[in-house]
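Chain and residue survey
If you want the building blocks of each chain, they are given just below.
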Amino acid sequence: MIKRLNFLGTPSRDKLNLFISIGVFLFVLGIADVILNSFFEINITSILPRLFNYFTPLIFGFIGLHYIRIEFSGNRILDNLNKNINSNWFNAVLSLLIIFVLIQNIPPLLNWLFFDANFVGETKEECTGSGACWIFIKTWFPRFIYGLYPNAEIWRINLTFLMLIALVISGFFVPPKIKKYIIIFLLFIFPFIAINLISGGNFGLEWVETTAWGGLSLTFIISIFALLFCFPIGMFLALGRRSLAPVIRYSSIGFIEFWRGVPLITVLFMASVMMPMFLPDGTYMDKLVRVIIAITLFEAAYMAEVIRGGLQALPRGQYDAGKSLGMGYWRMHLLVILPQALKLVIPGIANTFLALVKDTPLILVVGLLELVGMIDMAKSNPDWLGFATEGYIFAGIVFWIICYSMSRYSQSLERKYKTDR
Amino acid sequence: MSDQIIQMENVNKWFDDFQVLKDINLEVRQKQRIVVCGPSGSGKSTLIRCINRLEEHQKGKIVVDGIELSENTKNIEQVRAEVGMVFQQFNLFPHLSILDNCSLAPIWVKKIPKKQAEEQALKELEKVQILDQAKKFPGQLSGGQQQRAAIARALCMEPKIMLFDEPTSALDPEMIKEVLDAMVNLAKAGMTMIVVTHEMGFAKEVADEVIFMDEGMIVEKAATKEFFANPKSDRTKLFLSQIL
Ligand SMILES: Nc1ncnc2c1ncn2[C@@H]1O[C@H](COP(=O)(O)OP(=O)(O)OP(=O)(O)O)[C@@H](O)[C@H]1O
Ligand SMILES: [Mg+2]
């Protein structure tokens, strides 16, 4: 069929301009057909039979793309286009379908998100447009970020995270000598400052129950602490699982397999309901602490297996070389084995970290409300019923930004430590 | 005191049921240079790996520089710091530059200040003629350069004994000479060396004694000239006729 339609002959360089004009014309016609159909209710091909008529954009586009598929046309743009989206008829059809789907869906989406959306106002009643009601997000924004933390004390959370950001950023710009101290400070001293500042109770700061903590700041608090602890624990478990001492090996295996075998929800329930029963009488451990411990151990088990994968990948010669230079177990592992193994599994580590961050909303089940939990609460507020979509889109965007930045950072680490092979 | 530095008495070793070393008796004096040869699988690598306890022996006694090798990890680390080893596959640390490869163990095991360790490393790299490669990573070097870097790395620990396990058999022919030259220089400087190799030219040039191993036993052990001029055992004769 294509052959017979092809009364102009095979597209070639000789009649480049002719083919391109016809091809582009048909392609544009196909696109115009879709646009007119979807948004203006005009059907330029209504004279044709119904069944045929439905496929006209595809057919026009297909023939158009066929005409401009000229190899080595000499035109850079055309060559690139052909190579990437129009290399054969199958690719052409796929490209067309994707273009059509985008044309049909992007404008309505943009309308809902921006053009018909409501940005100004304070109450639900001011959401009169047909689009999204961003007033909902705007009004609840402080709650989404700070949870039920008292308004007058919010500066403490702000100060903590500003300090954290300032420290991290300065870490990138100072010379390595000072960087070392910043890292030590961040890992070993800052967490205590942060906790004291946020929970208060001394230095004249008002005590704020952890049940009042919430929103995105809680997401960060849980994620950061869990990440901080699950990494070294995972590393010890990975080494333990390869240890020659049976006691260490079997307890590592038991630990890892236990935590990998139970769902996180169960773990969270156990942490919040059952763990207090096992604690000795009179001792009290905050629910948030218990939950962080639970998430940490849960993710540490996964981290252990990721790191073990890296250890497994190293050739025996590296161990031989380390030993033959007189290094003991710890020196060999810290100087030779772990740096290489960890480098190999950066993608896996990033994966585990991302999973951890995305698992945090589950703490909802034990009554702690981080970002998604707060949105859940807001959307069931009688004054604000019916804005779940806006809320979840907001949560999705926030989580995506967090996770995407982590993923980019891990990629840059990979590039930075690429020295070999 | 005698100048004996390695002493192996009735050493036996098994991998599960398989006996790799059978009643090995060997004495090495200071500054002695010994070449070990023999067919593949005869236990040459295992023999020299037992000397710095990369492999454990199950029976017999090994004493290195007055320290007996046993379960005691302190002893083992002490022996390993005194015995340098060069491997067939180089085994450089790919995440560190050549200079860091060489200074790592002196800094962290011998606790030498970083600056001093690096100076020493540069000196050793110069001796094996790859001073210009110091800042590069192992993956960027040729095989011959990597093996010379590995020799320099071992020498930075100032070992009393150097073990070589087929240092040239993973190399292209044109690179073998540069590595052998480095080893000859080392021999001339008076290092105690045990070298597993099939480079008989090297053996004739530097070895005091040659050992022939087969099936886990030392079949023949003789002064170099004697070994090549008139080997006693038939198996040695056969082996020599095959590789010479
Ligand atoms: N880790 C191990 N586990 C089990 N058997 C082993 C192990 N290492 C070596 N062997 C066996 O021990 C025997 C001696 O090995 P060894 O590596 O010492 O031989 P070799 O003389 O060095 O040989 P080549 O010239 O091929 O290097 C071989 O039969 C080998 O299969
Ligand atoms: Mg061998």
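Preceding this section is the structure that the text describes.
Everything numeric in this text was worked out from a predicted model, so none of it was measured.

1. Points about the nonpolar core
General note: in soluble globular proteins, nonpolar side chains tend to be found buried as a group. Residues F136, F144, L311, M327 and L371 of chain A together with M8 of chain B are the most contacted members of the largest nonpolar core, which totals 128 residues. Apart from the residues within four sequence positions on either side, L311 of chain A is in contact with A238, L239, R242, Y319, I337, L338 and A341 of chain A. Grouped together as the second largest cluster of nonpolar side chains are 48 residues, L171, L180, V184 and F202 of chain B included.

2. What about the site of ligand 1?
All names here are of chain B. Around ligand 1, the structure places F15, F18, V20, P39, S40, G41, S42, G43, K44, S45, T46 and E166. The contact in question runs from an oxygen atom of ligand 1 to an N or O atom on the side chain of S40, over 2.6 Å. A distance of 3.2 Å is found between an oxygen atom of ligand 1 and a backbone nitrogen or oxygen belonging to S42. Coverage of ligand 1 by the protein amounts to 62% of the 630 Å² it exposes when considered alone. Those elements that place two or more of their residues in the shell around ligand 1 are β2 (18-29) and α1 (44-51). Taken together, the residues that form the shell around ligand 1 break down as four nonpolar, six polar and two charged.

3. Brief notes about the sheet that holds strand β5 (residues 67-68) of chain B
Residue and element names in this part refer to chain B. On the basis of which strands lie adjacent, the open sheet formed by four strands has the order β2-β1-β4-β5 and antiparallel pairing. The strands lining the two open edges of the sheet, one partner per strand, are β2 and β5. Pairing geometry for strand β4 (residues 59-64) and β5, over two bridges, is antiparallel. Note on β5: the bridge partner recorded for V63 is E68.

4. Observations concerning the side chain of Q340 of chain A
All names here are of chain A. Structurally, Q340 is set in helix α14 (residues 329-344). Judged by relative accessible area, which is 3%, Q340 ranks as buried. There is a polar contact of 3.1 Å between the side chain of Q340 and the backbone oxygen of V336.

5. Observations regarding the packing of helix α9 (residues 215-241) of chain A against helix α17 (residues 388-416) of chain A
Residue and element names in this part refer to chain A. Between α9 and α17, whose axes approach to 12 Å, the crossing angle comes to 30 degrees. Classified by the angle between their axes, α9 and α17 sit roughly parallel to one another. As for the relative orientation of α9 and α17, their crossing is right-handed in sense. Packed against α9, whose contacting residues are L216, T219, F220 and L227, the element α17 presents V398, F399, I402 and M406 at the interface. Its residues placed into classes, the contact of α9 with α17 shows seven nonpolar, one polar and no charged.

Scoring rules and cut-offs
Residues numbered from 1 in each chain as written. Chains lettered and ligands numbered in written order. Predicted model: local features only at pLDDT ≥ 70, side-chain atom pairs only at ≥ 80, totals over all residues. Heavy atoms only, no water. Core = buried A, V, L, I, M, F, W, Y, C linked by side-chain atoms within 4.5 Å. Buried < 20%, exposed > 50% of the residue type's maximum accessible area, 1.4 Å probe, protein only. Contact = heavy atoms within 4.5 Å. Near = heavy atom within 4 Å. Polar contact = N/O pair within 3.5 Å; in protein donor to acceptor, adjacent residues only side chain to side chain. Areas by Shrake-Rupley, 256 points an atom, 1.4 Å probe, with all protein chains shown as cover. Helix = DSSP H or I, 4+ residues; strand = E, 2+ residues; numbered from the N terminus. Nonpolar A, V, L, I, M, F, W, Y, C, P; charged D, E, K, R; others polar. Pairing = 2+ DSSP bridges. Axes fitted to C-alpha atoms, helices over the stretch in contact; angles between N-to-C directions. Parallel < 35°, antiparallel > 145°, perpendicular 65-115°, else oblique. Left-handed = near helix turned anticlockwise from the far one by under 90°.

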